[in-house]
Amino acid sequence: MATEQQRKELDARARAGEEVVPGGRGGKSLEAQEHLAEGRSKGGQTRSSQLGREGYQEMGRKGGLSTSEESGGEAAKSKGIDIDESKFKTGTKE
C-alpha cells in the first residue's frame, strides 16, 4: 500500500491525465482510476465464470479476428475459421 505522500503524488499525476493505475484509463483521480480498474477486472471475471473457459476462449478468438472493416464473425467466415457460438450461451435465468 502506498504511503499518504505517495498517494498524493499519484493523485496529482492522475489529475494531470496520466494513467497511474493499470486498467484505470479515463479516471480523473487516483481513487477514480482504482474504482475503474476494479470494475473492469470484476467484469472480465464475471463473463469468464458465466461462459466457462471454452466459451470465453471462443469469444476471444472471434474478437481477435475483428477489424475496422469487418466483424469477428465476418472475418472468421471469410477466412474459413469455425467459431462455435454455442459455447457462448449461458444458463437461462428463471
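Before reading further, recall that the structure is shown in the block above.
Model, not experiment: these values are computed from the prediction.

Asker: Would you mind showing me how to read the pattern of salt bridges here?
Answerer: Side chains that differ in charge, positive against negative, can pair when their charged atoms come close. As enumerated under the stated definition, the model contains five salt bridges in all. With a closest N to O distance of 3.7 Å, Lys8 and Glu4 form a salt bridge. Placement of both Lys8 and Glu4 in helix H1 (residues 4-15) is noted, with a separation of four residues, approximately one turn of the helix. Look at Lys8 and you get exposed, because its relative accessible area is 51%. Taking the shortest distance from any N to any O, the salt bridge between Glu38 and Lys42 comes out at 3.1 Å. With Glu38 and Lys42 both in helix H2 (residues 30-65) and four residues apart, this pair spans about one turn of that helix.

Asker: Just checking my understanding: could you explain the environment of Arg61 for this structure?
Answerer: Within the secondary structure layout, Arg61 lies in helix H2. Its relative accessible area of 41% is what places Arg61 among the partly exposed residues. On a C-alpha basis, the gap between Arg61 and Gly73 in space is 9.9 Å, while along the polypeptide they are twelve residues apart.

Asker: Explanation requested: the environment of Gly63 in the structure shown.
Answerer: Here Gly63 shows up in helix H2. Residues Gly63 and Ile81 lie 18 residues apart in sequence; the distance between their C-alpha atoms is 13 Å.

Asker: What is the right way to read the nonpolar core from this model?
Answerer: The nonpolar side chains of soluble globular proteins are, as a tendency, buried together. Listed in full, the six residues of the largest apolar core are Leu51, Leu65, Ala75, Ala76, Ile83 and Phe88. At the level of secondary structure, the elements contributing two or more residues to this core comprise H2 and helix H3 (72-79). The next biggest cluster of nonpolar side chains, apart from the first, holds five residues, and it includes Ala14, Val20, Val21 and Leu30.

Calculation rules
- Residues numbered from 1 in each chain as written.
- Predicted model: local features only at pLDDT ≥ 70, side-chain atom pairs only at ≥ 80, totals over all residues.
- Heavy atoms only, no water.
- Salt bridge = Lys/Arg side-chain N within 4 Å of Asp/Glu carboxyl O.
- Helix = DSSP H or I, 4+ residues; strand = E, 2+ residues; numbered from the N terminus.
- Buried < 20%, exposed > 50% of the residue type's maximum accessible area, 1.4 Å probe, protein only.
- Core = buried A, V, L, I, M, F, W, Y, C linked by side-chain atoms within 4.5 Å.

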